[in-house]
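Understanding the architecture of this molecule
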Amino acid sequence: NLDVCRREHALYAAALGDKLGLHLIELHADEGLPDCPFVEDVAVVCGETALITRPGATSRRREVEEVKKVLEDLQLNVVQMTDENATLDGGDVLFTGREFFVGLSGRTNQRGAEILADTFKDFAVSTVPVHNALHLKSNCSMAGPNLIAIGSSEAAQKTLKTMQQMSDHRYDKLTVPDDHAANCIYLNIPNKGHVLLHRAPEEFPESVKVFEKLKDYVLIPLPATELDKVDGLLTCCSLLIYKNENMGV
């Protein structure tokens, strides 16, 4: 339902911009690129560096052009992935604040992970096989400092176990009953503190009960029923960039 999808996307943008006060840069829609709302997949931003990816779906390759222009205008150090043997979707990249996990999926390969590691040399990079999901972050995300939200399915738990084995650090986990509910957006915003954007209770009521147990969090439920039908989740629709002022693209 396209009308519902547009309303859900508008609520998403309003939560980031109006409710949280982030500087929001909204890109023009391109009717020739139906996946263009999922901007997370075409860039990985960490600190002052942005890696422009080479999406695994060939139909999405042109999406990088518009995002690259914006990131260059923001005066980030922009690195473009040009190796034709590499593929990388941002949805397969989980940055914990201390290291990267890169999902090896139908959209991301080993060469893509190697280029990410070359780009962000200050951080360890580990690869994780993706099982029964489009992306690594289809069933996990960061829900706070040192806290990984993870779905309860066998595939999701296998992913978590692999990440735990690959890392020297011990992360806390927040297990939710629904895999797609584990994809959430965590922000630490001055004067607001810990903020978590998560799926709405009408979609995943049992998972929302888990989020509601988090102490000292501002919780913002957002529906994404229509985007979910095409494997679009909350993290997919924005790139979070930490500059002198908070900013989301």
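Residues numbered from 1 in each chain as written. Predicted model: local features only at pLDDT ≥ 70, side-chain atom pairs only at ≥ 80, totals over all residues. Heavy atoms only, no water.

Observations concerning the sheet that holds strand 2 (residues 43–46)
Operational definition: Strands qualify as paired when DSSP identifies two bridges or more between them. Every helix listed is a DSSP run of H or I at least four residues long, and every strand listed is a run of E at least two residues long, numbered separately from the N terminus. Axis geometry follows a simple rule: fit a line to the C-alpha atoms, using only the stretch in contact for helices, then measure angles between N-to-C directions, giving values from 0 to 180 degrees. Residue contacts follow a heavy-atom distance rule, with two residues in contact if any of their heavy atoms lie within 4.5 Å.
Reading across the sheet, the three strands line up as 2-3-4 and stay open at both edges, with mixed pairing between neighbours. Each end of this open sheet is capped by a strand with a single partner; those strands are strand 2 and strand 4 (77–80). On average, each strand axis in the sheet is inclined to that of its neighbour by 15 degrees, with strand direction left out of account. Both strand 3 (residues 49–52) and strand 4 contribute to a ladder of four bridges, which runs parallel. Each bridged residue has a counterpart across the sheet, and for Thr-49 the counterpart in strand 4 is Asn-77. Contacting strand 2, strand 3 and strand 4, helix 2 (residues 64–73) runs over the sheet at an angle of about 155 degrees to strand 4. Across the sheet, helix 3 (residues 110–119) lies against strand 2, strand 3 and strand 4, angled at about 160 degrees from strand 3, the strand it touches most.

Section: the layout of surface pockets
Our working rule: Grid points spaced at 1 Å and placed over the protein atoms alone form the basis of the search, with a cavity being a set where a 1.4 Å probe fits but cannot get out and a pocket an open set showing protein on both sides within 12 Å along at least five of seven lines. Lining residues have an atom within 4 Å of a point. Grid points are joined across faces, edges and corners, and a volume is the space filled by probe spheres set on the points. Each residue gets one of three labels, nonpolar for Ala, Val, Leu, Ile, Met, Phe, Trp, Tyr, Cys and Pro, charged for Asp, Glu, Lys and Arg, and polar for the others, Gly among them.
Quantified by volume, the largest pocket comes out at close to 1,000 Å³. Lining the largest pocket are 38 residues, with His-9, Ala-29, Asp-30, Cys-36 and Pro-37 sitting closest to its centre. For the lining of the largest pocket, the secondary-structure elements that each account for two or more residues are helix 1 (2–19), helix 2 and helix 6 (225–228). The greatest single-element share of the lining of the largest pocket, amounting to eight residues, is contributed by helix 1. Residues of the lining of the largest pocket, tallied by class, amount to 22 nonpolar, four polar and twelve charged. Of all the secondary structure elements, the ones that give two or more residues to the lining of the second largest pocket are strand 2, strand 5 (93–95), strand 8 (140–144), strand 11 (185–189) and strand 14 (240–242). Taken together, the residues of the lining of the second largest pocket sort by class into 18 nonpolar, ten polar and two charged.

Some thoughts on the sheet that holds strand 10 (residues 172–176)
Hydrogen bonds along the backbone pair up the strands of a sheet, which may run parallel or antiparallel. The strand order across the open sheet formed by three strands is 8-9-10, and the pairing between neighbours is mixed. With partners counted over all chains shown, the strands left at the sheet margins are strand 8 and strand 10, one partner each. Averaged over all pairs of adjacent strands, the angle between strand axes in this sheet comes to 35 degrees, irrespective of strand direction. Pairing of strand 9 (residues 147–151) with strand 10 involves five bridges; the strand directions are parallel. If you follow Ile-148 over to strand 10, its bridge partner there is Lys-173. Helix 4 (residues 154–166) rests against strand 8, strand 9 and strand 10 of the sheet, and its axis sits at about 150 degrees to strand 9.

Notes on the packing of aromatic side chains
For the record, the criterion: Each Phe, Tyr or Trp ring (for Trp, its six-membered ring) is paired with any other whose centre lies within 6.5 Å, and the angle between the two planes then decides the class: stacked below 30 degrees, edge-to-face above 60, tilted in between. Exposure classes here rest on a 1.4 Å probe applied to the protein chains alone. A residue is buried below 20% of its type maximum, exposed above 50%, and partly exposed in between.
One pass over the structure, following the stated rule, counts six aromatic pairs. Ring geometry for Phe-95 and Phe-100: centres 4.6 Å apart, planes at 35 degrees, overall tilted. The exposure class assigned to Phe-100 is buried, which follows from its relative accessible area of 1%. Each residue in the set Phe-95, Phe-100, Phe-120 and Phe-123 is aromatic and connected to the rest through ring pairs, giving one cluster.

Notes on the state of the cysteines
Using the following cut-off: A pair of sulfur atoms, both from cysteines and within 2.5 Å, is called a disulfide here.
Summed over the entire model, instances satisfying the criterion amount to zero disulfides. Unpaired in this structure, Cys-5 has its nearest cysteine sulfur neighbour in Cys-237, at a distance of 7.9 Å. Of all cysteine sulfurs, the one in Cys-140 lies closest to Cys-46, which takes part in no disulfide; the gap is 17 Å. The exposure class assigned to Cys-46 is buried, which follows from its relative accessible area of 13%.

Function cannot be inferred from these measures alone, as they are strictly geometric.
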